[in-house]
Structure formats: C-alpha cells, structure tokens
Amino acid sequence: MDINITSVKFDADKKLIDFINKKVAKLDKFFDGLMAVHVTLGLVPDHQNKKTSMRVEIPGHDIVVERHCETFEESVSLCVDILKEQLIKAKEKMRKK
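Report on the accompanying structure. (Residues numbered from 1 in each chain as written. Predicted model: local features only at pLDDT ≥ 70, side-chain atom pairs only at ≥ 80, totals over all residues. Heavy atoms only, no water.)

With six bridges joining them, strand β1 (residues 2-7) and strand β2 (residues 36-43) adopt parallel strand pairing. Paired with threonine 6 across the two strands is threonine 40, which belongs to β2. After leaving β1, the chain enters helix α1 (residues 14-25) and then returns to the sheet as β2, a path that is left-handed. (Pairing = 2+ DSSP bridges. Helix = DSSP H or I, 4+ residues; strand = E, 2+ residues; numbered from the N terminus. Right-handed = clockwise from strand over helix to strand, strands pointing away.)

Given below as structure tokens:
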C-alpha cells in the first residue's frame, strides 16, 4: 500500500508525517486489497481549524473522507476511524457478491 501525503501551503514536519504514516498503516488490517491512501492536509481560511482529507483506493472504487478539527492529529485520527468503518462495510459488501 502506498501512502502519499500532501500539505497545502505549509510544510508538514517529520513528527506529523510519522504520526500519519503510523495511523494510516493500520488500515491495511481492515481490507486486504488497499492500493493507495492519499492524505491531503490544509488550513481552513478565516478559521483556526485544520483540514484533513483522505482518499483510499480499493478495487472497484475510492473512499473519500474529510474532517476539520483544531489539530491535524485529531482530524487524522477521526478520518482513520471513519475509514475503518467504511472499509469493513466495503469488505462485507464484496463478500456478498
């Protein structure tokens, strides 16, 4: 599984990138055919919030999740939690076919 991290209009530090890689790597347990995960980090204009968007490529379609929080760590954790549920649902759906 490839993990691609993009930060828009700022440079993400190594600590944040390591945190994201560690969290996203756990998604592999919930779906065997993960091809890639694209993580985009950005700042929300006129707010103090941080935005995290994740797109997971699985056979057949992509799953996209986006969250706004006060910290990137919080938004990444929320996205990963939601993606876990979505991947479990997608795996169940594929088994029924």
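That shown, we press on.
Further remarks concern the nonpolar core. Val24, Leu27, Leu41, Met54, Val56, Ile58 and Leu87 are the most contacted members of the largest nonpolar core, which has 23 residues in total. Of all the elements in the fold, those that place two or more residues in this core are α1, β2, β3 (50-58), β4 (61-69) and α2 (72-96). Ranked by the residues each element gives to this core, the list is headed by α2, at seven residues. Excluding residues that lie within four positions of it along the chain, isoleucine 58 makes contacts with Phe31, Gly33, Leu34, Met35, Ile63, Leu87 and Ala90. (Core = buried A, V, L, I, M, F, W, Y, C linked by side-chain atoms within 4.5 Å. Buried < 20%, exposed > 50% of the residue type's maximum accessible area, 1.4 Å probe, protein only. Contact = heavy atoms within 4.5 Å.)

This part covers the pattern of salt bridges. Counting across every chain of the model gives five salt bridges. Linking aspartate 18 and lysine 14 is a salt bridge whose minimum nitrogen-to-oxygen distance equals 3.2 Å. You can see aspartate 18 and its partner lysine 14 sitting in helix α1, four residues apart, about one turn around the helix. Overall, aspartate 18 belongs to the partly exposed group, its relative accessible area being 39%. Judged by relative accessible area, lysine 14 falls into the exposed class, the value being 61%. Of the charged contacts, one joins glutamate 92 and arginine 95 as a salt bridge, the two residues approaching to 3.5 Å between their closest N and O atoms. Of the two residues, glutamate 92 and arginine 95 both sit in helix α2, three residues apart, roughly one turn of that helix. Glutamate 92 sits in the partly exposed class, given a relative accessible area of 37%. Three or more residues joined by partner-sharing salt bridges are found here, namely Arg55, Glu57 and Asp62. (Salt bridge = Lys/Arg side-chain N within 4 Å of Asp/Glu carboxyl O.)

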